Amino acid sequence: MAPAKVSGFYRQGNDWFCNAGLPSDLTIIVDGVNFHLHKFPLMSKCGKISSIFEEMQSTHDKTFTTKLEEFPGGPEIFLFAAKFCYGIRVEFTARNIIMVYCAADYLEMIDEYGEDNLLSKAESFFHKNVLRNWKDCLLALQSCESCMPQAEKLHILQKCLNAVSMMVCTDPSLFGWPMMMYGSLQSPGGSILWNGINTGARIRSAESDWWFEDISYFSVGLFERLIKTMEARGVRPEHLAGAIMYYARKYLPGLGRWQSTQSGKARTVASFSLTPAAVDQKVLLESIEKLLPKKKGKSLCRFLLGLLRVASILGVNQTCQDSLERRIGMQLEQASLDGLLIPSYSDSDTLYNTDCVERIIHHFVSSESGLTLFSPPSLDLESSPSSDPLRKVAKLIDSYLAEVASDVNLKPGKIRSLAEVLPESSRTLHDMLYRALDIYFKAHPWLSDREKEELCNIIDYRKLSIDACAHASQNERLPLRVILQVLFFEQMHLRTALAGYLNILEAESATTGQGTAPTEMAGHVAATSETAGQIVQRDGWVTVVRENLVLKVDMEKMRSRVGELEEEFSKIKQEMKRVTKSHSSLSSPHIVARKFVCKLLPRSLDSQTYVGSTGPTPRPSVEQARSSRHRKSFSLF
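Residues numbered from 1 in each chain as written. Predicted model: local features only at pLDDT ≥ 70, side-chain atom pairs only at ≥ 80, totals over all residues. Heavy atoms only, no water.

**Describing the overall build of the protein chain**
To be explicit about the condition: Only DSSP runs of H or I covering at least 4 residues are called helices, and only runs of E covering at least 2 are called strands; the numbering of each starts at the N terminus. Working definition: with a 1.4 Å probe on protein chains only, accessible area under 20% of the residue-type maximum means buried, over 50% means exposed, and in between means partly exposed. Between two residues, a contact is recorded if the distance between any of their heavy atoms is within 4.5 Å. To measure how exposed things are, a 1.4 Å probe is used in the Shrake-Rupley method; for residues, cover is taken only from the protein chains shown.
Across its full length, the protein chain carries 26 helices and 10 strands. By residue count, 41% of the 637 residues in the protein chain fall in the buried class. In the protein chain, once contacts between residues fewer than 6 apart in sequence are set aside, the share between residues at least 24 apart is 71%. Accessible surface computed for the protein chain: about 35400 Å², of which carbon and sulfur atoms make up 54%.

**Points about the side chain of Gln321**
Its location among the elements puts Gln321 in helix α15 (residues 318–329). Gln321 sits in the buried class, given a relative accessible area of 15%. Beyond its immediate stretch of four places on either side in the chain, Gln321 contacts Leu308, Ala311, Ser312 and Val316.

**Considerations on unusual backbone geometry**
We note that Asp31 has phi near 50°; this positive angle belongs to a residue other than glycine. By the element assignment, Asp31 lies in the loop between β4 (26–30) and β5 (33–37). According to the relative accessible area criterion, Asp31 is exposed, its value standing at 52%.

**A closer look at a negative patch on the surface**
Short version of the rule: Exposure above 30% relative accessible area and the lack of any salt bridge qualify a residue for a patch; like charges then connect within 9 Å, and the nonpolar side chains Val, Leu, Ile, Met, Phe, Trp and Tyr within 5 Å. Just to be clear on terms, a salt bridge is a Lys or Arg side-chain nitrogen sitting within 4 Å of an Asp or Glu carboxyl oxygen. In this tally Asp and Glu are treated as negative and Lys and Arg as positive; neither His nor the chain ends contributes. For this purpose, a charge sits on NZ of Lys, CZ of Arg, CG of Asp or CD of Glu.
A contiguous patch of negative charge, built from Asp111, Glu112, Glu115 and Asp116, is present on the exposed surface. Topologically, Glu115 is positioned in the loop between α4 (97–106) and α5 (118–130). Here Glu115 falls in the exposed class, since its relative accessible area comes to 70%.

**Some points on the side chain of Thr66**
With respect to the element layout, Thr66 can be found in strand β6 (residues 64–67). Take Thr66: its relative accessible area is 13%, and that puts it in the buried class. With residues near it in sequence (within four places) discarded, Thr66 still touches Thr27, Ile28, Ile29 and Ile52.

**Observations concerning the packing of aromatic side chains**
We apply this condition: Only Phe, Tyr and Trp rings take part, Trp by its six-membered ring, and two of them pair if their centres are within 6.5 Å. Stacked means planes under 30 degrees apart, edge-to-face means over 60, and tilted covers everything else. Throughout this description, the term charge over a ring refers to an Arg CZ or Lys NZ atom that lies within 6 Å of the ring centre and within 35 degrees of the ring normal.
Considering all chains together, one arrives at 14 aromatic pairs under this definition. Judged by centre distance (5.2 Å) and plane angle (85°), the rings of Phe71 and Tyr106 are edge-to-face. Of this pair, Phe71 sits in the loop between β6 and α3 (74–85) while Tyr106 sits in helix α4; the two residues are 35 residues apart in sequence, bridging distant segments of the chain. Taking the relative accessible area as the measure of exposure, Phe71 reaches 5% and is therefore buried. Geometrically, the ring pair formed by Tyr247 and Tyr251 is tilted, given 5.0 Å between the ring centres and 50° between the ring planes. Here Tyr247 and its partner Tyr251 are both found in helix α11 (residues 237–251), 4 residues apart, which amounts to about one turn of the helix. Take Tyr247 and Tyr251: they sit in the same class, and that class is buried. Here the aromatic cluster, defined as three or more aromatic residues joined through ring pairs, consists of Phe35, Phe71, Phe78 and Tyr106. Geometry around Tyr217 places Lys250 over its ring, the cationic atom sitting 3.5 Å from the centre.

So this is what it looks like as structure tokens:
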């Protein structure tokens with residue numbers, strides 16, 4: 001295989017050689033790659049190689065071999081340092097500067113071993129070029145993954161993080177296209193200049209999220225370090241939350257299903273030069289939960305609920321799930337119904353994870369929320385302080401119950417525990433709670449009346465509206481005892497409304513006698529008419545309900561009477577068959593008719609007595625004849 005020459009060096013298999021025309025007297029091994037070099041060029045520039053050579057002078061071998069453990073940047077960066085020692089021209093770039101910086105420190109290539117040595121040159125390039133340029137700073141940070149401990153020791157990693165944090169707070173147009181912070185980039189008319197040529201393009205107005213895409217190419221560890229540095233430098237919490245949410249959505253595809261659709265951000269000049277990071281989703285989710293600021297808002301709450309869904313899928317540790325549930329509970333009034341509908345990914349038979357939602361409600365009730373909204377709410381324009389979070393959450397939970405009630409595997413105890421978590425004062429009306437129970441009864445027709453009554457005990461019938469009462473009184477899925485309770489409390493509502501109506505009339509008449517102003521009179525008349533209309537409507541509903549109950553009672557009586565008649569008729573038919581078989585000669589129609597009349601006579605007489613007929617009474621002789629005739633007919637059998 002012909003040697004491939006590269007700037008005075010060529011490679012053969014796993015060995016590098018310098019074509020200086022002299023035999024090699026020094027072999028250095030870096031990560032299994034052998035570099036066949038010469039003592040003098042390296043010893044004159046590298047303090048570490050010089051120390052190693054002095055320690056090995058006791059040996060009389062013509063060729064010295066040494067191995068460099070954990071060399072920053074690996075064989076590629078060592079070749080860069082070797083070329084510098086041989087005086088070959090090398091090029092500093094944003095991708096290699098941190099590794100070269102660390103390698104120069106590792107080899108002790110300081111100015112004591114030569115003027116303008118590699119360490120001083122790398123340090124000068126790093127401070128003058130990299131730290132002043134957004135794109136180069138990002139590239140340098142992404143390339144330092146392989147030498148993170150050395151970069152941390154030399155404080156160059158923190159310097160890069162500080163520079164990025166500072167530029168985030170700066171107008172991006174100052175170091176915008178072509179990503180330089182120095183030099184005039186705009187013409188007097190405001191167009192962007194490129195090498196002094198007017199491009200005609202205009203710099204866009206600065207947006208708070210212009211940097212989200214660029215930093216999303218960092219690894220989880222580096223991204224976490226950058227967010228903490230930004231927080232320490234005073235970056236606004238809503239901007240940090242936006243960057244964290246953008247990063248999470250990029251590497252957790254499951255979040256996109258439950259998050260609001262966002263238009264993808266256009267890639268910047270820096271992001272075109274970056275490569276996406278390899279991310280462990282479970283580690284990422286656990287890190288994201290710790291990084292999110294302790295704030296609240298609709299977008300943040302929706303994001304936390306999405307994280308909780310993904311966490312249950314990935315199986316993150318219980319501490320992370322508990323923390324997510326606690327944070328959601330502290331801002332539950334900001335949640336939405338679709339966010340709470342968390343599917344059950346475990347072995348549970350239920351469709352939704354109701355246990356998780358119950359724990360979230362417990363956190364909301366037990367904890368005193370110390371979270372504040374983003375101010376100004378640039379992250380979430382919908383965020384606004386709620387006057388009564390408790391009632392808002394009660395309405396949300398009632399809607400949640402109505403949604404999950406159709407699950408046939410949902411137990412009655414679970415739906416009751418979900419409804420009773422919130423205090424009684426949280427609901428001004430129980431209409432939505434009644435609706436949820438009605439849906440549950442419809443999906444669970446096998447429930448007994450006792451189980452239904454136990455569930456209905458969570459409803460305060462005094463807090464049902466007139467429409468809900470009217471529906472409940474005619475609801476066949478409710479037990480009869482519940483319907484009677486609804487009617488009882490409806491009667492109480494009517495009495496209260498009538499009493500209020502009479503009080504208004506008395507006050508109106510008294511005010512009229514004292515000469516009330518016309519405007520006040522108009523207000524009283526309007527209020528009175530409205531109240532009267534409500535009472536009339538209530539009275540009409542109650543009348544209809546009472547008529548329905550009377551009809552139901554009459555129908556039950558008719559059913560029982562028809563059943564009795566059917567039983568008697570069946571008995572008569574059986575007796576007729578028996579008589580036909582045993583006395584075929586005597587079974588004439590007259591005899592059967594007489595017996596039939598005899599069987600029905602006591603009942604018919606009773607019914608006549610109950611009705612109270614006023615017709616003429618038969619003569620005693622006729623009655624005696626009839627009775628004797630009946631006795632004769634009975635004697636035949």
